[in-house]
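# What the coordinates show
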Amino acid sequence: DPQGRETVLDFVPKKFRGLRLYPVGRLDYFSEGLLILTNDGPLAQQLMHPSCSRGKTYEVLVRGNAPEEALDIMRRGMVLAEGDRTAPVKITAGSTPRGNTALTFTLHQGLNRQIRRMCRDVGLTILRLRRISEGPLRLGNLAAGAVRELTPEEMEQFLGVKYVEDEDSTESWGEGYLVVDFPGPDENSRLHVLFKADENGKYTPSSMSPTGKLMGD
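Residues numbered from 1 in each chain as written. Predicted model: local features only at pLDDT ≥ 70, side-chain atom pairs only at ≥ 80, totals over all residues. Heavy atoms only, no water.

### Side note on helix α3 (residues 114–121)
The buried fraction of α3 is high, at six of eight residues. Looking at α3, one finds that the buried residues are Gln 114, Ile 115, Arg 116, Arg 117, Met 118 and Cys 119. Where the residues of α3 are buried, they touch β4 (56–62), α2 (68–76), β6 (101–107) and β7 (126–134). (Buried < 20%, exposed > 50% of the residue type's maximum accessible area, 1.4 Å probe, protein only. Helix = DSSP H or I, 4+ residues; strand = E, 2+ residues; numbered from the N terminus. Contact = heavy atoms within 4.5 Å.)

### Brief notes about the nonpolar core
Core analysis: the biggest nonpolar cluster contains 21 residues, and Val 60, Met 74, Phe 105, Ile 115 and Leu 124 have the highest contact counts within it. Among the elements of the structure, β4, α2, β6, α3 and β7 are those that each provide at least two residues to this core. Every residue in contact with Ile 115, bar those within four places of it in the chain, is listed here: Tyr 58, Val 60, Phe 105, Leu 107, Ile 126 and Leu 129. If you look at the next biggest cluster of nonpolar residues, it comprises nine residues, including Leu 34, Ile 36, Leu 43 and Phe 158. (Core = buried A, V, L, I, M, F, W, Y, C linked by side-chain atoms within 4.5 Å.)

### A short note on α2
Along α2, the residues that are buried comprise Ala 70, Leu 71 and Met 74. Buried residues of α2 fall within an arc of 100 degrees about the axis and therefore sit on the same side. Residues of α2 that are exposed and point more than 90 degrees away from the buried face comprise Glu 69 and Arg 76. For α2, the secondary structure elements touched by its buried residues are β5 (90–93), β6 and α3. One or two steps after α2, the chain reaches Gly 77, where phi turns positive at roughly 100 degrees. (Arc of directions from axis to C-beta.)

### Points about the environment of Thr 104
Looking at where Thr 104 falls in the secondary structure, it is placed in strand β6. Of the residues examined, Thr 104 reaches a relative accessible area of 27% and is grouped as partly exposed. Setting aside residues no more than four positions away along its own chain, Thr 104 makes contact with Thr 57, Tyr 58, Lys 90, Ile 91 and Thr 92.

### Focus: unusual backbone geometry
Unlike most non-glycine residues, Arg 113 shows phi in positive territory, near 50 degrees. For Arg 113, a relative accessible area of 41% translates into the label partly exposed.

### Focus: the pattern of salt bridges
Under the criterion given, the structure shown has eleven salt bridges. A salt bridge links Arg 113 to Asp 28, with the nearest nitrogen and oxygen atoms 3.9 Å apart. In this pair, Arg 113 sits in the loop between β6 and α3 while Asp 28 sits in the loop between β1 (22–24) and β2 (32–33), placing the two residues 85 residues apart along the sequence. Between Asp 72 and Arg 75 there is a salt bridge, with its nearest N and O atoms 2.8 Å apart. (Salt bridge = Lys/Arg side-chain N within 4 Å of Asp/Glu carboxyl O.)

### Quick notes on the confidence of the model for the chain
Averaged over the chain, the pLDDT score is 76; the fraction of residues at 70 or greater is 71%. Low pLDDT, under 50, characterises residues 207–217; the predicted model gives this stretch 31 contacts beyond four residues in sequence or across chains. (pLDDT = per-residue confidence, 0-100.)

### Comments concerning the packing of aromatic side chains
Evaluated as defined, the whole model comprises one aromatic pair. Measuring from ring centre to ring centre gives 5.5 Å for Tyr 29 and Phe 30, while their planes differ by 90 degrees; the resulting arrangement is edge-to-face. Tyr 29 gets classed as partly exposed once you look at its relative accessible area, which sits at 48%. On the basis of relative accessibility, which here comes to 65%, the residue Phe 30 falls in the exposed class. (Phe/Tyr/Trp six-rings, centres within 6.5 Å; stacked < 30°, edge-to-face > 60°.)

### Observations regarding the pairing of β4
Working note: regular strand, side chains alternate between the two faces of the sheet. Where β4 meets β6, seven bridges bridge the pair, whose relative direction is antiparallel. Within the sheet, the bridge partner assigned to Val 60 lies in β6 and is Leu 103. (Pairing = 2+ DSSP bridges.)

### Brief notes about the environment of Glu 82
One can find Glu 82 in the loop between α2 and β5. Residue classification places Glu 82 among the partly exposed positions, given a relative accessible area of 46%. In this structure the C-alpha to C-alpha distance between Glu 82 and Arg 117, which are 35 residues apart in sequence, comes to 9.1 Å. Setting aside chain neighbours within four positions, we find Glu 82 in contact with Arg 117 and Arg 120.

Quick look at the structure:
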């Protein structure tokens, strides 16, 4: 961080720090919530590509009343003060704790600080902004600053992974390797990832080929 402030990587447990993790996407300094970390560069690029958007949902607390007219402007899509045009956004209004308004935003677009800029332009002041889901992944009751690994079920739901039952793969690469088939950047392509087991039996990505051919280390 240019100002020397803590970043999300400062909260990564020691057992993960040797993996060279980095975030997929971003949250600004005053926001909180779900953020995915990976050490797989090609996979991170795929997940951040606009065509791969699975929708991100945020809980947003704004000061005072949120007029329906302001919400409708954001729902339809709008031109921000900087000239960027936003896509339609799903927004629901909930309770009004202490005279403020709780909103839920679901975005399929990745403009920088999009919710903050939208609310600014319709005269709403954000008191708290928290990402609670990305696609099928849910923040749940994970505490602030806490980190956990995705379960195999979450990997399958989020990435659409398919474990390849292929005897030729085992014969070609030997024991201790696992081949996983991922969706590619478009509907007609696939990505094959080769995972290699370490001495503890834990699989980590060994290589990826966008052509569908497996590549060795």
